[in-house]
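# Tertiary structure, described
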There are 2 protein chains.
Amino acid sequence: MANVTLKKIADTLGISPATVSKALKDYPDISSKTKEKVKALAKQLHYTPNPFAQSLRNKESKLIGLIIPQVVHHFFSNIINGVIKAATQKGYLVIVLESEESYEREKDQINLLIEKNVDGILLSLSDKTVQYKHINAIIDNGIPVVLYDKISKLINCSKVMINDRKASQQATQHLIDSGCKKIAHIRGPLKPQTTIDRLMGYRKALELNGISYDDSLVFESLNLSFEDGYQLAQEIVEQHPDVDGIFAFADLVATGALIKLKELGKRIPDDISIIGFSNWFLSKVTSPSLSTVDQPGFQMGETAFELLYENIQDLKNGQSINHQIVEISTRVIARDSTKTIN
Amino acid sequence: MANVTLKKIADTLGISPATVSKALKDYPDISSKTKEKVKALAKQLHYTPNPFAQSLRNKESKLIGLIIPQVVHHFFSNIINGVIKAATQKGYLVIVLESEESYEREKDQINLLIEKNVDGILLSLSDKTVQYKHINAIIDNGIPVVLYDKISKLINCSKVMINDRKASQQATQHLIDSGCKKIAHIRGPLKPQTTIDRLMGYRKALELNGISYDDSLVFESLNLSFEDGYQLAQEIVEQHPDVDGIFAFADLVATGALIKLKELGKRIPDDISIIGFSNWFLSKVTSPSLSTVDQPGFQMGETAFELLYENIQDLKNGQSINHQIVEISTRVIARDSTKTIN
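## Observations concerning the nonpolar core
Within the largest apolar cluster, 140 residues are counted, with the highest numbers of intra-cluster contacts made by Leu122(A), Tyr148(A), Leu122(B) and Tyr148(B). Other than its neighbours up to four places away in sequence, Tyr148(B) contacts Leu66(B), Ile67(B), Ile68(B), Pro69(B), Ile79(B), Leu122(B), Leu123(B), Ser124(B), Val160(B), Met300(B) and Ala304(B). Of all hydrophobic cores here, the second largest spans 44 residues; its members include Leu113(A), Leu123(A), Ile95(B) and Leu125(B).

Here it is, written out as structure tokens:
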């Protein structure tokens, strides 16, 4: 409301909102002539930034914070995009911070956001975060928090995530349905939960299809990098020449494996089928193109903001916050790195 | 300064900065006991949020705005990352907005940022922006603006960009040095300036090597998409079977061309060499890997913030803003889609 009036004054006088705001605050770099004009019109429009209005504006800053583990990452870029698009539509601005999976940084960044009077925070927990006092504290202080992607059952707030276990089960089932009999899994490092869930999903699919789980077919990628996939593919075929399918934790890892296997003269998908996870842009441009599980980042970002917005409305209406858990559904995208299913 | 004290009070009393700030503002949801404690300590630390302090904080919000054409884009993700990293180090938070190449949106977003009292704005001009009143207005109002990537000579402020003409000349020269005689160019749409500059660079390289420029070898990609490259590659070989090199405006376009040429049975680089532009992540994972020109987004983002920070310091020290123009240097990254140079 206040800002609307500010803009109206600016447009009427043909000056920038900055000038209006500065004139009302008696900044020295604004001419007294302009200050007079602005204040006269402000009075006429009943725009008096009194303490009450101030505190109102402090209470509702129309700013939200988005703490993201990694900015340069296709999935997270899409989340940033979804949040910004949804927030802009509702007139909110988004402060973006990168936690780089650091618990300390996550704590500091939450404090910084609180000091900026943000109306709420969207957070994906860092892999290092093991206790949640710093998050529960602000929730108790009536500042809405929505967890996205990496969440915890121990935090009582709205959440949006995918079902990693179900998604990995889908991916493995796709390999089985397309005729794979001996499937290796390139997993992520022990923690975080996502890598455990994806391993469980792989295991579940095998069991449901009467394929016994074999520990020696699970390989660990510590950095989830292209190079990891490239290296592990070699180990897989050396240790298990009869492997005919690989489910990799991430497209980046799958792409490394795909390129190494081609170098080793393997035909993809005929000799070995590969499926990744995330549906990164790059999965479309490898040759053969990479089958994968679509992890809808944009939709997750949009939903995360919408949940936060509803929390903010609850607060404004003096109601207690209604926490919602939203599970974004995933689907297998079958491309040329897996055989067609008859 | 004020925030430091706020945090100190919070840490000392073992409560969140939000509670401190709310206690000082007499929010109803804070117990009077807590309010007493906070106010006592605040007084002891000489932390009195008086109007002067208020206006100081208004003047220095430690918030900056980053207006980016497109969030989900490897080059721009790297810019966002560079800005956030550099800003965080100096204790600034970054509001990220997406202009989507819309002039209207750019204007609105600048106003929104001004109303949030940002200390400065980092802006890459939208392709549609043809007049600069809205930008010069805020510069005149003493709010520092730094232009990055897409700049204009008509705006008097600090700028950071690459030299597109020089970079494209390097790319074309690399094809010539590796033995290409007949080089096609896939250019972008007429505007913006970058596509014109890259065409000029291509032309310049040809001239310097005594190769006469041929209009029919220049193909226009309207969407700078993977599909565009895929389609245009077909046209190129149909219309000019003897083309032995292609310089594409962007890696995405080059990747589309590369995959189509392989489908057409062309050997890369022996029959046709391809070089792209930007050094997107995907250029490493195509097969053969794509030679390209590195466009250092992270460095551009870092530099853009540093220039803005210096402007902000100039203002704080009551000096006039010292405008700097920084050109980030680019280099050719030779991979397997071009022949090795003897």
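## Section: the packing of aromatic side chains
Counting across every chain of the model gives 12 aromatic pairs over all chains. Summarising the aromatic geometry, the rings of Tyr92(B) and Tyr309(B) are spaced 6.0 Å apart at their centres and angled 85° between planes, so their arrangement reads as edge-to-face. With Tyr92(B) in the loop between helix H5 (74-89) and strand E2 (93-98) and Tyr309(B) in helix H13 (residues 297-316), this residue pair connects regions lying 217 residues apart in the sequence. Among the aromatic residues, ring-to-ring pairing joins Tyr92(A), Phe305(A) and Tyr309(A) into one connected group. The ring of Phe277(A) has Arg198(A) lying over it, and the distance from NZ or CZ to the ring centre is 3.7 Å. Lying over the aromatic face of Tyr309(B), Lys90(B) brings its terminal NZ or CZ to 5.1 Å of the ring centre.

## Some details on the interface of chain A and chain B
Residue-level contacts link 54 residues of chain A with 54 residues of chain B. Contact between chain A and chain B buries roughly 4,600 Å² in total, counting both sides, with carbon and sulfur atoms accounting for 64%. For Glu100(A), the salt bridge goes to Lys85(B), with nearest N and O atoms at 3.4 Å. Our enumeration of links across chain A and chain B arrives at 16 residue pairs in polar contact (both at pLDDT 80 or more).

## Topic: unusual backbone geometry
Note that the residue after Ile268(A), namely Pro269(A), is joined by a cis bond; omega there is 10°. Tracing the backbone shows Pro269(A) in the loop between helix H11 (251-263) and strand E9 (273-275). Non-glycine residue Glu100(B) carries a positive phi angle of around 50°. Mapped onto the fold, Glu100(B) is located in the loop between E2 and helix H6 (103-115). The class for Glu100(B) is partly exposed, based on a relative accessible area of 34%. The phi dihedral of Glu101(B) is positive, around 60°, even though this residue is not glycine. Following the sequence through the fold, Glu101(B) ends up in the loop between E2 and H6.

## Remarks on the pattern of salt bridges
Per the stated rule, a full pass over the model turns up 30 salt bridges over all chains. For Lys150(A), the salt bridge goes to Asp127(A), with nearest N and O atoms at 2.7 Å. Residue Lys150(A) is found in the loop between strand E4 (145-148) and strand E5 (158-162), and its partner Asp127(A) is found in the loop between strand E3 (120-123) and helix H7 (133-140); the two are separated by 23 residues along the sequence. The class for Asp127(A) is partly exposed, based on a relative accessible area of 25%. When salt bridges with common partners are traced through the structure, they connect Lys85(A), Glu98(B), Glu100(B) and Arg105(B) into a single cluster.

## Some details on helix H3 (residues 32-44) of chain B
Residues and elements named next belong to chain B. Over its 13 residues, H3 extends 18 Å from the first C-alpha to the last, a length consistent with the 18 Å expected when each residue adds 1.5 Å. Those residues of H3 not exposed but buried are Thr34, Lys35, Val38, Leu41 and Ala42. Along the axis of H3, the buried positions cluster into a sector of 140°, meaning they face one direction only. Relative to its buried face, H3 has exposed residues pointing more than 90 degrees away, namely Ser32, Lys33, Glu36, Lys43 and Gln44.

## Description of the pairing of E3(A)
Residues and elements named next belong to chain A. Alternating residues of E3 divide into Gly120 and Leu122 and Ile121 and Leu123, and every residue in both groups is buried. Relative to E3, strand E1 (residues 63-68) runs parallel, the two being bridged by four bridges. By the bridge assignment for E3, Ile67 is matched with Leu123. Sheet topology note: the E3/E4 ladder contains three bridges and is parallel. Along E4, the bridge assignment pairs Leu122 with Val146.

## Quick word on the environment of Lys316(B)
Residue and element names in this part refer to chain B. Within the fold, Lys316 resides in helix H13. By relative accessible area, Lys316 is classed as partly exposed at 48%. Taking the C-alpha atoms as reference, Lys316 lies 15 Å from Ile64; in sequence the two are 252 residues apart.

## Regarding the sheet that holds strand E9 (residues 273-275) of chain B
All names here are of chain B. Pairing within the open sheet is parallel, and its four strands lie in the order E7-E6-E8-E9. Looking along the sheet, the strands with just one partner apiece sit at the ends: strand E7 (218-220) and E9. Averaged over all pairs of adjacent strands, the angle between their axes in this sheet comes to 20°, without regard to strand direction. Across four bridges, strand E6 (residues 183-187) lies against strand E8 (residues 245-248) in parallel orientation. Opposite Ala184, over in E8, you have Ile246 as the bridge partner. Seen against the sheet, helix H10 (residues 226-239) touches E6, E7 and E8 and runs at an angle of roughly 150° to E7. Helix-sheet contacts for helix H11 (residues 251-263) involve E6, E8 and E9, and the interaxial angle to E9 is about 160°.

## A word on the confidence of the model for chain A
When pLDDT is averaged along chain A, the result is 89; 94% of the residues meet or exceed 70. Low pLDDT, under 50, characterises residues 50-58 of chain A; the predicted model gives this stretch 10 contacts beyond four residues in sequence or across chains.

## As for the domain arrangement of chain A
Along its sequence, chain A is carved into domain 1 (6-45), domain 2 (63-162 + 297-330) and domain 3 (164-295). For domain 1 of chain A and domain 2 of chain A, the distance between their C-alpha centres works out to 36 Å.

## As for the relation of the copies chain A and chain B
Of the two same-sequence chains, chain A is brought onto chain B (RMSD 0.1 Å, axial shift 0.0 Å) by a rotation of 180°. Those values place the two copies in the arrangement expected of a two-fold rotation axis. Scanning chain A for the C-alpha nearest the rotation axis identifies Ile95(A), at a separation of 2.1 Å. Most of the interface of chain A is mirrored in chain B, where 100% of its interface residues again form contacts.

## Things to note about the sheet that holds strand E6 (residues 183-187) of chain A
Residue and element names in this part refer to chain A. Strand order in the open sheet formed by four strands is E7-E6-E8-E9, and the pairing between neighbours is parallel. Across the chains shown, the open sheet's two edge strands, defined by having one partner strand only, are strand E7 (218-220) and E9. In this sheet, adjacent strand axes meet at a mean angle of 20° when their direction is disregarded. Here strand E8 (residues 245-248) runs beside E9; their pairing, made up of three bridges, is parallel. Bridging across to E9, Phe247 finds its partner in Ile275. Along the sheet, helix H9 (residues 193-208) contacts E6, E7 and E8; its crossing angle with E6, the most-contacted strand, is approximately 175°. Against the sheet, helix H10 (residues 226-239) engages E6, E7 and E8, with an angle of about 150° to E7.

## So, the packing of H5(B) against H13(B)
Residues and elements named next belong to chain B. Two elements in contact, H5 and H13, have axes whose closest approach is 6 Å; the angle formed by their N-to-C orientations is 40°. In terms of their interaxial angle, H5 and H13 are classed as oblique. Of the two elements, H5 crosses H13, and the hand of that crossing is right-handed. For the pair H5 and H13, contact is made by Phe75, Asn78, Ile79, Asn81, Gly82, Val83, Lys85, Ala86 and Ala87 and by Gly297, Phe298, Met300, Gly301, Glu302 and Phe305, respectively. Tallied by class, residues from the contact of H5 with H13 come to eight nonpolar, five polar and two charged.

Conventions adopted
Residues numbered from 1 in each chain as written. Chains lettered and ligands numbered in written order. Predicted model: local features only at pLDDT ≥ 70, side-chain atom pairs only at ≥ 80, totals over all residues. Heavy atoms only, no water. Core = buried A, V, L, I, M, F, W, Y, C linked by side-chain atoms within 4.5 Å. Buried < 20%, exposed > 50% of the residue type's maximum accessible area, 1.4 Å probe, protein only. Contact = heavy atoms within 4.5 Å. Phe/Tyr/Trp six-rings, centres within 6.5 Å; stacked < 30°, edge-to-face > 60°. Helix = DSSP H or I, 4+ residues; strand = E, 2+ residues; numbered from the N terminus. Lys NZ or Arg CZ within 6 Å of the ring centre and 35° of its normal. Buried area = accessible area lost by both parts, 1.4 Å probe. Salt bridge = Lys/Arg side-chain N within 4 Å of Asp/Glu carboxyl O. Polar contact = N/O pair within 3.5 Å; in protein donor to acceptor, adjacent residues only side chain to side chain. Expected span 1.5 Å × (residues − 1). Arc of directions from axis to C-beta. Pairing = 2+ DSSP bridges. Axes fitted to C-alpha atoms, helices over the stretch in contact; angles between N-to-C directions. pLDDT = per-residue confidence, 0-100. Domains from an automatic or database assignment. Least-squares fit on C-alpha atoms with pLDDT ≥ 70 in both. Parallel < 35°, antiparallel > 145°, perpendicular 65-115°, else oblique. Left-handed = near helix turned anticlockwise from the far one by under 90°. Nonpolar A, V, L, I, M, F, W, Y, C, P; charged D, E, K, R; others polar.

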